[in-house]
Amino acid sequence: MDSMDNSTPAEITHRAEELLWVIARCDVENVRSHRDTALEQLRNLELRAAALNIPDLYAELFRVRA
């Protein structure tokens, strides 16, 4: 069972934001291995968000941060 399986939409968007920062930092520092792991986790979050009727995780992330 994934640690995000029982997460709320707020927890999912928070974790997505963290992962996007990790990916951005990896891009700046050219660290491929961590980026790939974060990207895989982000893809899993997208699936979890879709299961919670959040069709666009990124739009939701910006909506809650606005």
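This write-up is about the structure you can find in this document.

Basis of the calculations
Each chain carries its own residue numbering, running from 1 in the written order of its sequence. The model is predicted, so local features are restricted to residues of pLDDT at least 70 and side-chain atom pairs to those at 80 or more, both for listing and for counting; the totals for chains, interfaces and linings are taken over all residues. Computation of side-chain values: all heavy atoms of the structure, hydrogens and water removed. Secondary structure elements are defined from DSSP: runs of H or I of at least 4 residues count as helices, runs of E of at least 2 residues count as strands, and each element is numbered from the N terminus. Buried, partly exposed and exposed residues are distinguished by accessible area as a fraction of the type maximum, computed with a 1.4 Å probe on protein chains only: under 20%, between the cut-offs, and over 50%, respectively. What makes a nonpolar core is a set of buried Ala, Val, Leu, Ile, Met, Phe, Trp, Tyr and Cys residues whose side-chain atoms join them at distances within 4.5 Å. Should any heavy atoms of two residues lie within 4.5 Å, those residues are considered in contact. The span expected for a helix works out to 1.5 Å for each residue beyond the first. Each C-beta atom gives one direction from the helix axis, and the arc is the one those directions make.

As for unusual backbone geometry
Then comes step 1: You will see that Asn-30, though not glycine, has its phi angle at about 55°, which is positive.
Then comes step 2: Within the secondary structure layout, Asn-30 lies in the loop between helix H1 (9–29) and helix H2 (32–51).
Then comes step 3: Even without being a glycine, Asn-53 presents a positive backbone phi close to 65°.
Then comes step 4: For Asn-53, the position within the fold is in the loop between H2 and helix H3 (57–65).
Then comes step 5: When its relative accessible area of 70% is taken as the criterion, Asn-53 is described as exposed.

Here's the deal with the nonpolar core
Then comes step 1: Residues Ile-12, Ala-16, Leu-19, Ile-23, Ala-38, Leu-42, Leu-45, Ala-49, Ile-54, Leu-57 and Leu-61 constitute the largest nonpolar core, which totals eleven residues.
Then comes step 2: Non-local contacts of Leu-42, meaning those with residues more than four positions away in its chain, are made with Ala-16, Leu-19, Leu-20, Ile-23, Leu-57 and Tyr-58.

Notes on H2
Then comes step 1: Counted at 1.5 Å a residue, the expected span for H2 with its 20 residues is 28 Å, and the 29 Å between its end C-alpha atoms agrees.
Then comes step 2: Every buried residue of H2 is listed here: Arg-35, Ala-38, Leu-42, Leu-45 and Ala-49. All buried residues of H2 fall inside an arc of 80° around its axis, so they share one side. What points out from H2, more than 90 degrees from its buried face, is the exposed set Arg-32, Leu-47 and Ala-51.
Then comes step 3: Buried residues along H2 sit in contact with H1 and H3.

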